[in-house]
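# Structural features, examined
Listed here are the chains, written in short residue letters.
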Amino acid sequence: MKTLLLSSALALLGLSAWAEDATLITGARIFDGVNPDLIEGQDILIEDGMIAAIGANLDVPADAVTIDAEGRVMTPGFIDMHYHLSLCSVPVMDMAGSYAPDLDYIGIKAAQAAEDALMRGFTSLRDVGGASWGAKLAADRGEIAGPRVWPSLRAISQFGGHGDANPRFMNPREFGGPENNLERLQYSRIVNGRDDVLAAARENLKRGASQIKMHLAGGVGTEFDPIDGRQFIKEEIEAAVEVAAGFGTYVTAHVYTVDGIKQAIEAGVRSIEHGNLIDEEIAVMMAENDIWLSPQVLVYRTFSPDLGPVRLAKGKMVEAGLDSMFSLAKKHGIKIAFGTDVVVNPQACADQNKEFAARLDWFTPAEILTQATANSGELLQLSGDRSPYPGVVGQLVEGAHADLLLIDGNPLDDISILEDHANVLDLIMKGGVIYKNTLN
């Protein structure tokens, strides 16, 4: 039986979503997230939002609805491990500036960004800083079309760090200054000292964070924090790690440099966001300690001139490290996730799917698809019991969440077809609910 799920938000966008008690998809060539070769002659049965069975001649409920894929390629839904829903339509430069909007506006735009990402095939996102809770809750309740969201909530940053958008000579809160706009709009929390870090991490977890995000080095989007500056001392990082571990989850860190990454690993951080400037020693250290690398490519090739000379210079510095980073990561077998960090302008967010082809300089299409599915799904599991969605994502296996796509064309031959997502994604399913179906 078909159940129509239609909210006012979906209706305004001209979207609808529907769920079946049981769905059988036949005739697909299956990329399961792990095997580089397509699997043929297998059907997939979906019941209660999960993949119930995979195989030929399945025992199918009498009321199951059958969808004939007609030879299309089926993949797991894509996963973006470095996303900022609240920054996509309101870039960090706007959020930090004099005309920054109110938080209610940010929430509305985050919900729209969530819907857009799902329609690009991303059924799961790890939001690594920002006001994502409202969009996540609305998607979970079926009130908007949106992906699963693993929220970090406020990124923890130090005074003068990557989350501090105040002018150079403005005092921080603890010295009587105002809350800066990035704090006011819940992108970051500026803290100093172990006790402040403990409180900030605990606040995030109380509010539903599935992991903790810290800024441990300078960034491109902020002006007064040099890329080579190491942010937070080891004891402060350890404080966040201790809190996260006590909740059964982990800390992921924005950091580029050798010194910063080394300190992060020694303090117990489990995932490195960016990591562009690693060297051989750090690559070995990451591999030996089972540290994840969550890198991006496209964002470093789409800098807006509006960033100004200081930020652009920092951007070019970290862009120059991409080739060495990926070469070392491949050489030493570092686990690599898929993320985009497309927050430099609204058009960059619309170009999210260009990240797939951007990685072809270093990886095969099969390797890239694995990064965007099974690998990223494995990294999400580090949240343990803090995961909002227990169970397997990123793989097409029995017992996994039924998050899947049907693609007109073979991305294993030409992964750039995913840039034309509006035309090549013929079916988008999340948790057994169909959000797009052009087949029947």
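What comes next concerns the included structure. Note on numbering: residues in each chain are counted from 1, in written sequence order. Residue-level local features of this predicted model are given only where pLDDT is at least 70; pairs of side-chain atoms are given and counted only at 80 or more, and the full residue set underlies all totals for whole chains, interfaces and linings. Computation of side-chain values covers all heavy atoms of the structure but excludes hydrogens and water.

### Here we look at the overall build of the protein
A tally of regular secondary structure across the protein gives 16 helices and 20 strands. Seen through its C-alpha atoms, the protein measures out along the principal axes to roughly 70 × 50 × 45 Å. Burial classes follow relative accessibility: with a 1.4 Å probe on protein chains only, a residue under 20% of its type's maximum area counts as buried, one over 50% as exposed, and anything between as partly exposed. Counting over 440 residues, the protein shows a buried share of 59%. Residue contacts are defined here by distance: any two heavy atoms, one from each residue, within 4.5 Å place the two residues in contact. By sequence separation, contacts in the protein at least 24 residues apart represent 70% of the contacts at least 6 residues apart. Looking at the protein as shown, the accessible area adds up to about 16,400 Å², and 50% of this sits on carbon and sulfur atoms. Only four residue types enter the tally: Lys and Arg on the positive side, Asp and Glu on the negative side, with His and both chain ends excluded. In this description, the location of a charge corresponds to atom NZ of lysine, CZ of arginine, CG of aspartate or CD of glutamate. Taken as two groups, the 35 positive and 61 negative side-chain charges of the protein have centres that lie 6 Å from each other. Put simply, DSSP H or I for four residues or longer makes a helix, DSSP E for two residues or longer makes a strand, and each gets a number counted from the N terminus. Areas reported as accessible are Shrake-Rupley estimates using a 1.4 Å probe. Residue values count occlusion only from the protein chains shown.

### Some words on the packing of helix α8 (residues 234-246) against helix α9 (residues 258-267)
Between α8 and α9, the least distance of the axes is 9 Å, while the angle of their chain directions is 45°. What the angle tells us is that α8 and α9 run oblique. In the packing of α8 onto α9, the handedness of the crossing is right-handed. Listed contacts from α9 to K234, I237, E238 and V241 of α8 are Q263, E266 and A267. Axis lines are fitted through C-alpha atoms, for helices just across the contact stretch, and the angle between N-to-C directions can take any value from 0 to 180 degrees. Orientation categories follow fixed angle ranges, with anything under 35 degrees roughly parallel, anything over 145 roughly antiparallel, 65 to 115 roughly perpendicular, and all other angles oblique. With the far helix as reference, a near helix turned anticlockwise by less than a right angle produces a left-handed crossing, and one turned clockwise produces a right-handed crossing.

### A look at the side chain of K213
Tracing the backbone through its elements, the reader meets K213 in strand β14 (residues 212-215). One buried charged residue, K213, forms no salt bridge at all, with the nearest opposite charge on E273 at 6.2 Å. As used in this structure description, the phrase polar contact means that two N or O atoms lie within 3.5 Å; if the pair is within protein, one of them must be able to donate a hydrogen and the other to accept it, and residues adjacent in sequence are counted only when both atoms belong to side chains. There is a polar contact of 2.9 Å between the side chain of K213 and the backbone oxygen of V128. Aside from chain neighbours lying at most four places away, what touches K213 is H82, H84, V128, S152, R154, A155, I156, T252, H254 and E273. The salt bridge criterion pairs a side-chain nitrogen of Lys or Arg with a carboxyl oxygen of Asp or Glu, the two atoms within 4 Å.

### Let's talk about the nonpolar core
Within this scheme, the nonpolar core is defined by two criteria: the residues are buried Ala, Val, Leu, Ile, Met, Phe, Trp, Tyr or Cys, and they are joined through side-chain atoms within 4.5 Å. Residues L85, I212, M214, L216, V269, M286 and F356 are the most contacted members of the largest nonpolar core, which totals 98 residues. With seven residues, the single largest contributor to this core is helix α4 (residues 103-119). For I212, the residues in contact, after removing those within four places along its chain, are I156, A201, N204, L205, A240, A244, Y250, V251 and T252. If you look at the next biggest cluster of nonpolar residues, it comprises 17 residues, including L404, L427, M429 and I434.

### Section: the sheet that holds strand β10 (residues 122-127)
Pairing in this open sheet of three strands is parallel, and the strands run β9-β10-β11 from one edge to the other. Of all strands in the sheet, those bounded by a partner on one side alone are β9 (78-83) and β11 (148-151). Pairs of neighbouring strands in the sheet enclose a mean axial angle of 15°, with direction left out of account. The pairing criterion for strands is at least two bridges between them, as found by DSSP. Sheet topology places β10 next to β11; four bridges connect them, and they run parallel. Along β11, the bridge assignment pairs R126 with W150. Contacts from helix α15 (residues 365-380) reach β9, β10 and β11, with the element oriented near 65° to β9.

### A short note on the state of the cysteines
When two cysteine sulfur atoms lie within 2.5 Å, the pair is treated as a disulfide. Tallied over the entire structure, the rule returns one disulfide. For C88, the disulfide goes to C349, at an S-S distance of 2.0 Å. In this pair, C88 sits in helix α2 (residues 85-88) while C349 sits in helix α13 (residues 346-350), placing the two residues 261 residues apart along the sequence. Across the pair, C349 and C88 agree in class, each one buried.

### Remarks on a negative patch on the surface
Patch membership needs two things, relative accessible area over 30% and no salt bridge, and members are linked within 9 Å if like-charged or within 5 Å if nonpolar (Val, Leu, Ile, Met, Phe, Trp, Tyr). A cluster of acidic residues, D413, D414, E419 and D420, forms a negative patch on the protein surface. In this structure, D420 sits in the loop between β18 (404-407) and α16 (421-424). What makes D420 partly exposed here is its relative accessible area of 37%.

### Concerning unusual backbone geometry
Even without being a glycine, Q186 presents a positive backbone phi close to 65°. Among the secondary structure elements, Q186 is positioned in the loop between α6 (181-184) and β13 (188-191). Residue Q186 is classed as partly exposed on the basis of its relative accessible area of 26%. The phi dihedral of D341 is positive, around 55°, even though this residue is not glycine.

### Some words on the environment of G248
Relative to the assigned elements, G248 resides in the loop between α8 and β15 (251-255). Among the residues examined, G248 registers a relative accessible area of 41% and is labelled partly exposed. Counting along the chain gives 37 residues from G248 to Q211, while the straight-line C-alpha distance between them is 9.2 Å. Residue contacts for G248: discarding those within four places in its chain leaves L382, S383, G384, D385 and R386.

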